[in-house]
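# Tertiary structure, described
The lines below spell out each chain.
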Amino acid sequence: MTVNSLHYHYDVPGDDFTRAGVASGAVKQILKQLGLNPETVRKMSIALYEAEINMVIHGGGGVIDIDIDDDKIVALVSDQGPGIEDLDLAMQEGWSTASEQERNLGFGAGMGLPNMKKYSDELEINSEVGVGTSVKITVNIEKSGEQRD
Amino acid sequence: MKVKELCEKLGWETVFGDGENEITGGIYCCDLLSIVMGRAPAGSLWITVMANVNAMAVATLADTACVVLAENMRMDEEAAAGAEKGNVTVLCSGKPVFETAAEAAKLLELI
Ligand SMILES: Nc1ncnc2c1ncn2[C@@H]1O[C@H](COP(=O)(O)OP(=O)(O)OP(=O)(O)O)[C@@H](O)[C@H]1O
Ligand SMILES: [Mg+2]
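A brief structural summary. (Residues numbered from 1 in each chain as written. Chains lettered and ligands numbered in written order. Predicted model: local features only at pLDDT ≥ 70, side-chain atom pairs only at ≥ 80, totals over all residues. Heavy atoms only, no water.)

### As for the interface of chain B and chain A
Taken together, the 23 residues of chain B in the interface contact 24 residues of chain A. Between chain B and chain A the total buried area reaches about 1,700 Å² when both faces are included, carbon and sulfur atoms providing 53% of it. The interface formed by chain B and chain A includes two salt bridges. As a salt-bridge pair, A:Lys28 and B:Asp63 come within 2.3 Å of each other at their nearest N and O atoms. (Contact = heavy atoms within 4.5 Å. Buried area = accessible area lost by both parts, 1.4 Å probe. Salt bridge = Lys/Arg side-chain N within 4 Å of Asp/Glu carboxyl O.)

### Observations regarding the pattern of salt bridges
All names here are of chain B. Throughout the structure, instances matching the rule amount to nine salt bridges over all chains. Among the salt bridges present, the one from Glu-5 reaches Lys-9, with a minimum N-O distance of 3.5 Å. With Glu-5 and Lys-9 both in helix α1 (residues 3-10) and four residues apart, this pair spans about one turn of that helix. Overall, Lys-9 belongs to the exposed group, its relative accessible area being 51%. (Helix = DSSP H or I, 4+ residues; strand = E, 2+ residues; numbered from the N terminus. Buried < 20%, exposed > 50% of the residue type's maximum accessible area, 1.4 Å probe, protein only.)

### Considering the environment of B:Ala40
With respect to the helices, strands and loops of the structure, B:Ala40 is situated in the loop between α2 (33-39) and β3 (45-48). Residue B:Ala40 is classed as buried on the basis of its relative accessible area of 2%. As for B:Ala40 and B:Gly25, which are separated by 15 residues in sequence, their C-alpha atoms are 8.2 Å apart. Not counting residues within four places of it along the chain, the set of residues in contact with B:Ala40 comprises A:Arg42, B:Tyr28, B:Ile35 and B:Thr64.

### Quick notes on the nonpolar core
Counting residues in each nonpolar core, the largest one holds 63 residues, and the members touching the most others are A:Ile64, A:Ile66, A:Ile137, B:Trp46 and B:Met56. If one sorts the elements of this core by residue count, helix α2 (residues 38-57) of chain A sits on top with eleven residues. Setting aside its immediate chain neighbours within four residues, A:Ile137 contacts A:Met44, A:Ala47, A:Leu48, A:Ala51, A:Ile73, A:Val74, A:Ala75, A:Ser120, A:Glu122 and A:Leu123. B:Val3, B:Ile23, B:Leu45 and B:Ala70 belong to the second largest nonpolar core, which has 15 residues in total. (Core = buried A, V, L, I, M, F, W, Y, C linked by side-chain atoms within 4.5 Å.)

### Description of the site of ligand 1
Close to ligand 1 lie 21 residues, the nearest being A:Ser96, A:Thr97, A:Gly108, A:Gly110 and B:Ser34. Here an oxygen atom of ligand 1 sits 2.8 Å away from a polar atom, N or O, in the side chain of A:Asn54. A distance of 2.3 Å separates an oxygen atom of ligand 1 from a polar atom in the side chain of B:Ser34. Here ligand 1 has 600 Å² of accessible area as a free molecule, and 95% of this is covered by the chains. Broken down by secondary-structure element, the contributors of at least two residues to the shell around ligand 1 are α2 and α5 (112-119) of chain A. Grouping the constituent residues of the shell around ligand 1 by class yields eight nonpolar, eleven polar and two charged. (Near = heavy atom within 4 Å. Polar contact = N/O pair within 3.5 Å; in protein donor to acceptor, adjacent residues only side chain to side chain. Areas by Shrake-Rupley, 256 points an atom, 1.4 Å probe, with all protein chains shown as cover. Nonpolar A, V, L, I, M, F, W, Y, C, P; charged D, E, K, R; others polar.)

### A word on helix α1 (residues 22-33) of chain A
Helix length check: α1(A) (twelve residues) gives 17 Å between terminal C-alpha atoms against 16 Å at 1.5 Å per residue, within 8%. Looking only at α1(A), the buried set comprises A:Ala23, A:Ser24, A:Val27, A:Lys28, A:Ile30 and A:Leu31. Buried residues in α1(A), looked at end-on, bunch into an arc of 160°, giving them a common side. Buried residues in α1(A) make contact with β1 (6-13), α2, β2 (61-68) and β3 (72-79) of chain A together with α3 (53-61) of chain B. (Expected span 1.5 Å × (residues − 1). Arc of directions from axis to C-beta.)

### Thoughts on the environment of A:His9
Residues and elements named next belong to chain A. Tracing the backbone shows His-9 in strand β1. Of the residues examined, His-9 reaches a relative accessible area of 44% and is grouped as partly exposed. Residues His-9 and Gly-61 lie 52 residues apart in sequence; the distance between their C-alpha atoms is 14 Å. Beyond its immediate stretch of four places on either side in the chain, His-9 contacts Val-63, Ile-64 and Asp-65. For His-9, the side chain forms a polar contact with the side chain of Asp-11, separated by 3.2 Å. Among the polar contacts made by the side chain of His-9, one reaches the side chain of Asp-65 at a distance of 2.8 Å.

Structure below.
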């Protein structure tokens, strides 16, 4: 950990769909203000939102911890919800246990976990049935990249 | 072309925002949020009937140029607050998704 690393913590309530995305939005603002490459900001925003919304819909809420270092952003999204029984299956595009109500709101395409994989540079998921799920998303900060607003 | 210019030409209603964003990512149509999240290009004109607060979050986080609500869909209060928070330009078209997209595509010279 470098001296320059920044930390942020968010408590995310469960089952409040209207608040879901608030933490991801706040993190996006921080990353933008740090002047990071827009593509880097976008990658973390998308991956983190999918993890946040999953935590709200499927995990009963939880916490988000963000670490920003010189070379990477790490988001740890953890809940103490029901856990994922078959992670390989859950990672497949189109697989979803979303309810009718959630589908009516536009969720349930079964693309959240695949999106996290696509937009992160590293993705680590630990889940145990009856214990909870934690998702660690890492997005690298490209040093050579142009730094724009 | 800027969002507001397209909006004016097609007679869409501006529900929220200044429309100053440039459309750089073409047109994208879909209502399932995580498909949009994963596939809508940054700077795209996103056309949908999903007028809720979660759609506003998706537009904010995926950097679409704007949200065009087709079929005259209307946002509720929460969605409006979300649009404001994320500084999302939201437009409203009275036509179905396909017609809305086709008209925009012509103007943007995509077809
Ligand atoms: N935090 C979690 N706790 C418990 N189950 C989860 C969690 N995250 C994901 N899952 C399970 O994995 C499935 C797939 O997740 P994924 O995000 O890919 O799709 P979805 O949330 O169902 O739909 P979408 O994200 O496309 O709106 C979920 O339907 C759910 O069964
Ligand atoms: Mg999901």
